[in-house]
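Understanding the architecture of this molecule
Below are the chains, spelled out letter by letter.
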Amino acid sequence: MIKTLNDLLDQAAENARDKVVFATADEEITFGELRRRVLATTSGLAARGISRGQCVAIVHRNSPHFVTAYLALSRLGAIAVPINFMVQKADELAYMLNDCAAVGVLTQREFLKGLRGAKEKCPKLKTLWVTDLEGAGENGEEPFAALAGDPEKAPPATADEQDTAAILYTSGTTGHPKGVMLTHRNFITNCEGAIAMMDLKAKDVGLCILPMFHSFAWTGNVLVSLRLRNKLVVSPSIAPAKPWLTLMGKHGVSLFAAVPQVYSGLAKECEGFKGLVLKWWFFRKVRLAISGAAPLSPTVQKEFEDKFGVPILEGFGLTETSPVTTLNALGARRRGSVGKVIAGVKVKIVDDAENELAVGQEGEICVKGDNIMKGYYNLPDATKESFTRDGWFKTGDIGALDPEGFLYIRDRKKDMIIIKGLKVFSAQVEAGLLEHPSIEEAAIIGIPDEHGDETIKAFIVLRKGAKDDEQAKTDKSALMKFCREKFDPYKRPRDIEIVEALPKNALQKVLKRALRQRELEKRTAGTA
């Protein structure tokens, strides 16, 4: 019986040793070879003192190295901490690395600048292991290859299904990221529930273009492939598209997983000769597509399905739910719905007093099941606040259930903005804006675009005299320059409007719904 990530790998290697598990542009790796690499890395980590309960971060693009390190840590009972590689500011990296007391980081040379700066602020962080480094780094970094020890000397796997396998950082109400603790049981049961809902087969070939640090890709691509013992085509990045399209054509991908913005782009590109190549070569064997991480526009869904002849199954979940909660199934799907609960999971809708609401009524979506996180790392109060009195996890999303059990998402209760499937918490960006000496108040909102994505717009109230201060030169151009220097690209406001005042209620809380309505009216007027 498979109870842990270690069991998952061991059984896959035993039963499909010579079958290819990962195909990249450079190599193909069998299940047997993957296990050998994992054991070798386990041996090397153990020799360097990495032990049960310790955290090692992974700041790395999609690669077999990512999976090898993750699973090697699992064998030691250590904890993998995959971090969004788009976070490159040293202070933000240091916050997460210090919070989990990381003793090491697996990374690539392109991310060293931020990590070197963070390391100076992290007293417990000992080593940066770099996968594309041959010799010692100028700041003492070690090549990842040097970790490879004797596979025969790897310590036996001792993890229990209730042990924490990973800590994934997600935005919190204070603007600081919160570490979501997910157990081996969370991952295994969620993986098996998703497979059953989609009726996936061992002969299917998957594609991983979404970042493995994201729970959607880790569970939906990596763990599903290990469980099914099928081939997963791995691309380092979602952009540019040509490399993964080439791999799709070469390996005959049959399962395609992406965020709504990818489906929108593909639908628009599927015209003329280019469209014929896309449909009849690159997507010739794709039988099923999965969408998650952000709402899928019914218009985009219809356009993609009409042009490619491939059904999209939309699902819903959060990092805290491992991530899959609901999913549409072949032969039982509703456009505009995120589907029904997977096996082992329950959903209910509650009002502000946590009373369960009737079918069709809108309220907060609450979830219970084997997929629910262990808690937020080092944050017992935040963990307690995230559950109802009777033990259901509060998602912070507003939705409704229909009579057949299909879930419909209406809105996000928490003030999140989703940029290409990645969550941006407005409090964090607003706090950064307020560090500018000329800004008195700031509010940001997400504005939906024609691709089903969102862009960030900031509304700024300047301090008195700032606009006329020739020395400071505080105008939109200067503020945009400040944002480029201050924020990582996906958190950066793409538009700034300087206003005299922000709309507020009687308690002086900014009315963001009024700002959103104002933008909607502008867009409507512009298209009239």
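Heads up: the structure comes first, above all this text.
Residues numbered from 1 in each chain as written. Predicted model: local features only at pLDDT ≥ 70, side-chain atom pairs only at ≥ 80, totals over all residues. Heavy atoms only, no water.

**Considerations on the side chain of E519**
Relative to the assigned elements, E519 resides in helix α15 (residues 512–527). Judged by relative accessible area, E519 falls into the buried class, the value being 9%. Look past the residues within four positions of E519 in its chain and what remains in contact with it is I445, I447, K457, F459 and E497. (Helix = DSSP H or I, 4+ residues; strand = E, 2+ residues; numbered from the N terminus. Buried < 20%, exposed > 50% of the residue type's maximum accessible area, 1.4 Å probe, protein only. Contact = heavy atoms within 4.5 Å.)

**Let's talk about the sheet that holds strand β24 (residues 439–448)**
Spatially, β24-β25-β26 is the arrangement adopted by the three strands of the open sheet, whose pairing is mixed. Whereas interior strands pair on both sides, the edge strands pair on one side only; in this sheet they are β24 and β26 (495–498). Across the sheet, the mean angle separating the axes of adjacent strands is 25 degrees when strand polarity is ignored. In the sheet, β24 pairs with strand β25 (residues 454–462) via nine bridges, with the strands oriented antiparallel. Following the sheet pairing, P448 is matched in β25 by E454. The strands that helix α13 (residues 426–433) touches are β24 and β25; relative to β24, the one it contacts most, it runs at about 145 degrees. (Pairing = 2+ DSSP bridges. Axes fitted to C-alpha atoms, helices over the stretch in contact; angles between N-to-C directions.)

**Let's talk about the sheet that holds strand β13 (residues 288–291)**
Strand order across the open sheet formed by nine strands is β2-β1-β11-β10-β12-β13-β14-β15-β16, with mixed pairing between neighbours. Of all strands in the sheet, those with a lone pairing partner are β2 (28–30) and β16 (340–341), marking the two edges. Bridge count between strand β12 (residues 255–258) and β13: four bridges; the pairing is parallel. When the bridges of β13 are listed, F256 appears paired with A289. Where helix α7 (residues 215–228) meets the sheet, it contacts β1 (20–23), β10 (205–208), β11 (231–234), β12 and β13, and its direction lies at approximately 140 degrees from that of β11. Sitting on the sheet, helix α8 (residues 242–251) is in contact with β1, β2, β10, β11 and β12, with an inclination near 155 degrees to β11.

**A short note on the environment of R116**
Assignment of secondary structure puts R116 in helix α5 (residues 112–119). Note: C-alpha distance between R116 and E141 (25 residues apart in sequence) is 9.3 Å. A distance of 2.7 Å separates polar atoms of two side chains, one belonging to R116 and the other to E141. (Polar contact = N/O pair within 3.5 Å; in protein donor to acceptor, adjacent residues only side chain to side chain.)

**So, the packing of aromatic side chains**
Applying the stated criterion to the full structure yields 13 aromatic pairs. Ring geometry for Y70 against W218: centres 3.7 Å apart, planes inclined by 15 degrees, an arrangement best described as stacked. One end of the pair, Y70, is in helix α3 (residues 64–75); the other, W218, is in helix α7, and 148 residues separate them in sequence. No difference in accessibility class separates Y70 from W218, as the two residues are buried. Counting every residue linked through ring pairs, the aromatic cluster contains W244, F256, Y263, F283, F304 and F308. In this arrangement the basic side chain of R61 is found over the ring face of F85, its NZ or CZ atom lying 4.7 Å from the centre. We note K178 situated over the ring of Y376; from NZ or CZ to the ring centre the distance is 4.1 Å. (Phe/Tyr/Trp six-rings, centres within 6.5 Å; stacked < 30°, edge-to-face > 60°. Lys NZ or Arg CZ within 6 Å of the ring centre and 35° of its normal.)

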